[in-house]
Protein chains: 2
Amino acid sequence: MQPLNTQSPEQLRQLIRAGQFNGPTAGLAAGFAQANLLIVKQAQAYDFLLFCQRNPQACPLLDVTDVGSAISQYAAPGADIRSDLPLYRLYRHGELCEEVSDISAHWQDDMVAFLIGCSFSFESALLANDVPVRHIEDNHNVPMYISNRQCRPAGQFSGPMVVSMRPMPADKVVRATQVTSRFPGVHGAPVHIGDPAALGITDINKPDFGCASHIREGEVPVFWACGVTPQAVAMHSKPELAITHAPGHMLICDLRNEQLGVF
Amino acid sequence: MQPLNTQSPEQLRQLIRAGQFNGPTAGLAAGFAQANLLIVKQAQAYDFLLFCQRNPQACPLLDVTDVGSAISQYAAPGADIRSDLPLYRLYRHGELCEEVSDISAHWQDDMVAFLIGCSFSFESALLANDVPVRHIEDNHNVPMYISNRQCRPAGQFSGPMVVSMRPMPADKVVRATQVTSRFPGVHGAPVHIGDPAALGITDINKPDFGCASHIREGEVPVFWACGVTPQAVAMHSKPELAITHAPGHMLICDLRNEQLGVF
């Protein structure tokens, strides 16, 4: 088999669909966007779509399927949302109840799939600009915190913004802000630079999700809105059934990261 | 009375609400965004919201009210959509049937108001960058054309992208592209530069809406996605009742144009 890291998005999705790859997708299909997945039923879809419209930093939509269609038309044309991600999570009434590698058996005619931009895209841009990304250097999951900022509510969906944190030397902060501002489709500019207390974070070494990143002497913590926000908000409303990707097991899209740049 | 052009957005909305001003809003509240309005019933709202998500250049959403609420929470906090625009149009089954200065009597509990970004904001930015705007110089309505580009359909809504055209000297085209790229919330970058035929426009002197702009020797026509698109698309689906602003009679928002800049 051709090495994984030289395969196209479509080739990778075919391998995943055939059950020949089921691992995390970080580092695959360099230059292409990957997407977070959230599937809800039509009864929740309007409120969720409106929630995303009102909270574009936390919930930047790359694609929304037609009701009942599991085919991505725009972010990954031809991709079958039911089989083309390596691992899924099923939530019933807000509780995680199963991890599966294919959701065809669970798909229903009134479901809508939301594909949400992922920070992998802007991290590539940071690295290309010589801004270090600590959790990649140290090979652990990004630290995430439930902040004191409330999202704009929409119908049944409301809750706090979850933020991710990347520490960096003070002389990289301006460039990091510039670089990520170009990519509103994958969370965009930071939401806060500096003191964690301003976001209601009492102990930066105890993230709510992921693993703590070591902040070196002289480094500044920089915070971005995080794609865990929509998932947390959706689960909080305890929908009868919701399906997401398993963390790190994303949909590999045909959209290039650079196509998401607004200039 | 204080001159109109020195009044704040809230003061102007109060005047309009009280019936003391009913003219076009161009030039008022300099520096503040103005919004196109489209009101549909809940039954159409999901498809229309999805249409906007899929076509952000033509349909950049500034705000969407909660179902049944005529109050703008985010773009113009406190504004009453039913009374705070100078003139409205009522469409029944896609046909214009009435122009009124207040729609309180027509508001229904299942209505949703969509506020859509307007090119006034990016035209201010063009002028501030010394890019001429011909239809402002010549004091006529911007020329608009039904292009051969199809919008991405969403449920009952589909149709061609309507584009507006601004001619300018060739040496202004790069700056015009840069300046408007900053403002995806008000149509963003041009969709085409140069030959009208590439957009299926056979006679640039015969716009489908508005008035022809004179293109001087050596000037290049530059085209942007136009906010008439969502209105045309919505009417094409012949909803039982839809309400819009009358052309040029916009909602004056509290959002500053600069707040819509992505960097």
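As shown above, the structure is provided for reference.
The shown structure was predicted, so the numbers you read here are calculated from the model rather than taken from an experiment. (Residues numbered from 1 in each chain as written. Chains lettered and ligands numbered in written order. Predicted model: local features only at pLDDT ≥ 70, side-chain atom pairs only at ≥ 80, totals over all residues. Heavy atoms only, no water.)

Novice: Would you mind going over the pattern of salt bridges in detail, with residue names and values included?
Specialist: Under the defined criterion, the tally for this structure stands at 26 salt bridges over all chains. The shortest N-O distance in the salt bridge between Arg89 of chain B and Glu99 of chain B comes to 2.8 Å. Linking Arg89 of chain B in strand 3 (residues 88–92) with Glu99 of chain B in strand 4 (residues 95–100), this pair joins segments that are 10 residues apart in sequence. Here the salt bridges share partners, and the residues they tie into one network are Arg134, Glu137, Arg216 and Glu219 of chain A. (Salt bridge = Lys/Arg side-chain N within 4 Å of Asp/Glu carboxyl O. Helix = DSSP H or I, 4+ residues; strand = E, 2+ residues; numbered from the N terminus.)

Novice: Quick rundown of helix 2 (residues 42–54) of chain A? Include the residues and the values.
Specialist: Helical geometry note: an α-helix holds 3.6 residues per turn, so side chains three or four residues apart project in the same direction. Residues and elements named next belong to chain A. Taking 1.5 Å as the rise per residue, helix 2 with 13 residues should run 18 Å; its terminal C-alpha atoms sit 19 Å apart, in good agreement. In terms of residue burial, helix 2 counts as a mostly covered element, since 10 of its 13 residues are buried. Within helix 2 the residues assigned to the buried category are Gln44, Ala45, Tyr46, Asp47, Phe48, Leu49, Leu50, Phe51, Cys52 and Arg54. (Expected span 1.5 Å × (residues − 1). Buried < 20%, exposed > 50% of the residue type's maximum accessible area, 1.4 Å probe, protein only.)

Novice: Would you mind going over the side chain of Gln44 of chain B in detail, with residue names and values included?
Specialist: Structurally, Gln44 of chain B can be placed in helix 2 (residues 42–54). Other than its neighbours up to four places away in sequence, Gln44 of chain B contacts Gln156, Phe157 and Pro239 of chain B. (Contact = heavy atoms within 4.5 Å.)

Novice: I'd love a proper account of helix 1 (residues 9–17) of chain A, names of residues and values included.
Specialist: Residues and elements named next belong to chain A. Turning to helix 1, its buried residues number three or more, namely Pro9, Leu12, Arg13, Leu15 and Ile16. With its buried residues spanning 160 degrees around the axis, helix 1 presents them on a single face. Gly19, located one to two residues past helix 1, shows a positive phi value of around 80 degrees. (Arc of directions from axis to C-beta.)

Novice: Outline the sheet that holds strand 9 (residues 219–225) of chain A, supporting the account with residue identities and numerical values.
Specialist: Residue and element names in this part refer to chain A. Reading across from one edge, 6-7-9-8 is the order of the four strands in this open sheet, with antiparallel pairing throughout. Here the strands that pair on one side only, and so sit at the sheet edges, are strand 6 (144–150) and strand 8 (192–193). Bridge analysis of strand 6 against strand 7 (residues 160–169) gives four bridges, and the strand direction is antiparallel. Looking at the pairing, Ile146 lines up with Val162 of strand 7. The strands that helix 6 (residues 228–236) touches are strand 6 and strand 7; relative to strand 7, the one it contacts most, it runs at about 155 degrees. (Pairing = 2+ DSSP bridges. Axes fitted to C-alpha atoms, helices over the stretch in contact; angles between N-to-C directions.)

Novice: Could you give me a rundown of the packing of aromatic side chains, with the residues and numbers involved?
Specialist: As enumerated under the stated definition, the model contains 12 aromatic pairs over all chains in all. A centroid spacing of 6.5 Å and a plane angle of 20 degrees characterise the contact between Phe48 of chain A and Phe51 of chain A, whose relative ring orientation is stacked. You can see Phe48 of chain A and its partner Phe51 of chain A sitting in helix 2, three residues apart, about one turn around the helix. Note on Phe48 of chain A: relative accessible area 0%, which makes it buried. Taking the centre distance of 6.3 Å and the plane angle of 70 degrees together, the rings of Tyr145 of chain B and Phe223 of chain B count as edge-to-face. Of this pair, Tyr145 of chain B sits in strand 6 (residues 144–150) while Phe223 of chain B sits in strand 9 (residues 219–225), placing them 78 residues apart in sequence. For Tyr145 of chain B, a relative accessible area of 1% corresponds to the buried category. A relative accessible area of 0% means that Phe223 of chain B is categorised as buried. Each member of the aromatic cluster is reached from another via a ring pair, and the members are Phe48, Phe51, Phe114 and Phe157 of chain A. Across the ring face of Phe263 of chain A, the terminal group of Arg182 of chain A is positioned such that the distance to the ring centre comes to 5.6 Å. (Phe/Tyr/Trp six-rings, centres within 6.5 Å; stacked < 30°, edge-to-face > 60°. Lys NZ or Arg CZ within 6 Å of the ring centre and 35° of its normal.)

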